[in-house]
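This is what each chain is made of:
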Amino acid sequence: MVERIGDSKLLNTRKDVKETITAAGDKEKVESIFINEKLNKRTTSLDKNNDGTVDCVTTEHFYNGKASSKDVEHYDKKGRIVERQRDLEANGKIDSFEKYEYNEENNTRHVEVRDGDGDLKVIRKDYYKDGKIIKTEIDSKTNDSFWDHGPDGKPEFYYEYTHNDAERSTIVEKKNLNGEIETRHKTFKDENGNIKAVEHDKNLDGIFEERWQR
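Remember, predicted model here, so these are calculated numbers, not experimental data.

Parameters and conventions
- Residues numbered from 1 in each chain as written.
- Predicted model: local features only at pLDDT ≥ 70, side-chain atom pairs only at ≥ 80, totals over all residues.
- Heavy atoms only, no water.
- Helix = DSSP H or I, 4+ residues; strand = E, 2+ residues; numbered from the N terminus.
- Buried < 20%, exposed > 50% of the residue type's maximum accessible area, 1.4 Å probe, protein only.
- Contact = heavy atoms within 4.5 Å.
- Areas by Shrake-Rupley, 256 points an atom, 1.4 Å probe, with all protein chains shown as cover.
- Pairing = 2+ DSSP bridges.
- pLDDT = per-residue confidence, 0-100.
- Phe/Tyr/Trp six-rings, centres within 6.5 Å; stacked < 30°, edge-to-face > 60°.
- Lys NZ or Arg CZ within 6 Å of the ring centre and 35° of its normal.
- Salt bridge = Lys/Arg side-chain N within 4 Å of Asp/Glu carboxyl O.

**A few points about the overall build of the chain**
The helix and strand inventory of the chain stands at zero helices and 16 strands. Going through the 214 residues of the chain one by one, you find that 31% of them count as buried. Looking at the chain alone, contacts between residues at least 24 apart form 12% of all its contacts between residues at least 6 apart. Carbon and sulfur atoms provide 46% of the accessible area of the chain, an area that totals close to 13,800 Å².

Structure below.
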């Protein structure tokens, strides 16, 4: 399932449809079932309110003829994912639950990932433009921010952040996608969160030789 951010798409527009079956139930209307034999995948799309857009998508993967995993995704009226449940072994037990909240003013999306017991595992913040994610921040302590300047869906580099709360400092490393460090600097913040000093590691030897202070 390709995750969408933006306007919802009409049903029956997928290009990987091997077979389309339509049926109707008492409580929910099953608009279509897409079967992709090459990928051993079955996708069921539901239009619960009969407005022509997808509200819920169930994706099942198969191995040796048996279901191996199952994802259930729910979408809002704009076609944006709002919830995802993952059953990694297709045994009827939810292994992880994801909740998505959107801020349209600054084009960000807040994601919380919890395990089957409801315990919070990961907090993620996505920044997007024209329906594509251009930056991702993971967790509130150590962040990995991937940058796609195209945006063509392929990040060119990413930033890795390591925080030290005791001295209010953060080491920021810019790395290419091979993990090689291209730049490294260290920031210091005051009690109000404002940057008061920046140190640069000019030759990437772990020693910050240059310092800028406000």
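**Looking at the pairing of strand 13 (residues 169–176)**
Among the eight residues that make up strand 13, seven are buried, leaving the element largely enclosed by the rest of the structure. Where strand 12 (residues 157–164) folds back onto strand 13 in an antiparallel hairpin, the turn is made up of four residues, including Arg168, whose phi is positive at roughly 55°. The sheet contact formed by strand 13 and strand 14 (residues 181–189) spans seven bridges and is antiparallel. What sits directly across from Thr170, in strand 14, is Thr187.

**Quick look at the confidence of the model for the chain**
Of the residues in the chain, 76% reach a pLDDT of 70 or more, and the chain-wide mean stands at 77. Counting interchain partners and residues more than four positions distant, the pLDDT-below-50 stretch residues 1–28 has 69 contacts.

**Some details on the packing of aromatic side chains**
One pass over the full model with this rule turns up two aromatic pairs. The interplanar angle of 85° and the centroid separation of 5.5 Å between the aromatic rings of Phe157 and Tyr159 together place this pair among those described as edge-to-face. Among the residues examined, Phe157 registers a relative accessible area of 13% and is labelled buried. Geometrically, the ring pair formed by Tyr159 and Tyr161 is tilted, given 6.4 Å between the ring centres and 50° between the ring planes. One aromatic cluster is present, formed by Phe157, Tyr159 and Tyr161 through successive ring pairs. Cation over ring: Arg80 sits above Tyr102, and NZ or CZ is 4.4 Å from the ring centre. A cation over an aromatic ring shows up here: Lys174 above the ring of Phe157, its NZ or CZ 4.3 Å from the ring centre.

**Re the pattern of salt bridges**
Under the definition given, this model contains 20 salt bridges. Residues Arg84 and Glu73 are paired through a salt bridge, measuring 2.9 Å at the closest nitrogen-oxygen approach. With Arg84 in strand 6 (residues 81–87) and Glu73 in strand 5 (residues 66–75), this pair connects stretches of sequence that are 11 residues apart. Exposure class is identical for Arg84 and Glu73. Each is buried.

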